[in-house]
Amino acid sequence: MKKDRFDIKEREGLSLMTDAVVIIDKETGVNYLYVCRGYGGGLTPLIDADGKPIVTKVQ
């Protein structure tokens, strides 16, 4: 696996034990939302109004 493939774009603390993080895949540009609370968490791609993944231009 390639090192440093993912980049954290934004991090927001929603409460004392809950964080939301927007992660960008540097190879594809696809944006993901990761939400963690305590010992659990979930990951999903961010989509636009048309249901297509949000993609950030990669260099």
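Our subject in this report is the structure included herewith. Predicted model only: the values in this text are computed from it and were never measured.

Let's shift gears to the sheet that holds strand β1 (residues 6-15). Reading across the sheet, the 4 strands line up as β1-β2-β3-β4 and stay open at both edges, with antiparallel pairing between neighbours. Of all strands in the sheet, those with a lone pairing partner are β1 and β4 (40-45), marking the two edges. Neighbour-to-neighbour, the strand axes of the sheet open up by a mean angle of 20°, direction not taken into account. Note that β1 and strand β2 (residues 18-25) share 8 bridges and pair antiparallel. In the sheet register, S15 faces β2, and the bridge partner there is T18.

Here we take up the pairing of strand β3 (residues 31-37). Relative to β3, β2 runs antiparallel, the two being bridged by 7 bridges. Bridge pairing links I23 to Y32 in β3. Linkage of β2 to β3, two consecutive antiparallel strands, is achieved through a turn of 5 residues, within which G29 is found at a positive phi near 85°. As paired strands, β3 and β4 are joined by 6 bridges and run antiparallel to one another. Considered in β4, the bridge of L33 is made with T44. Turn length for the β3-β4 hairpin, with the two strands adjacent in sequence and antiparallel, is 2 residues, and the turn residue G38 shows positive phi of about 65°.

The rules behind each value
- Residues numbered from 1 in each chain as written.
- Predicted model: local features only at pLDDT ≥ 70, side-chain atom pairs only at ≥ 80, totals over all residues.
- Heavy atoms only, no water.
- Pairing = 2+ DSSP bridges.
- Helix = DSSP H or I, 4+ residues; strand = E, 2+ residues; numbered from the N terminus.
- Axes fitted to C-alpha atoms, helices over the stretch in contact; angles between N-to-C directions.

Remember that the coordinates give geometry; whether it matters functionally is a separate question.
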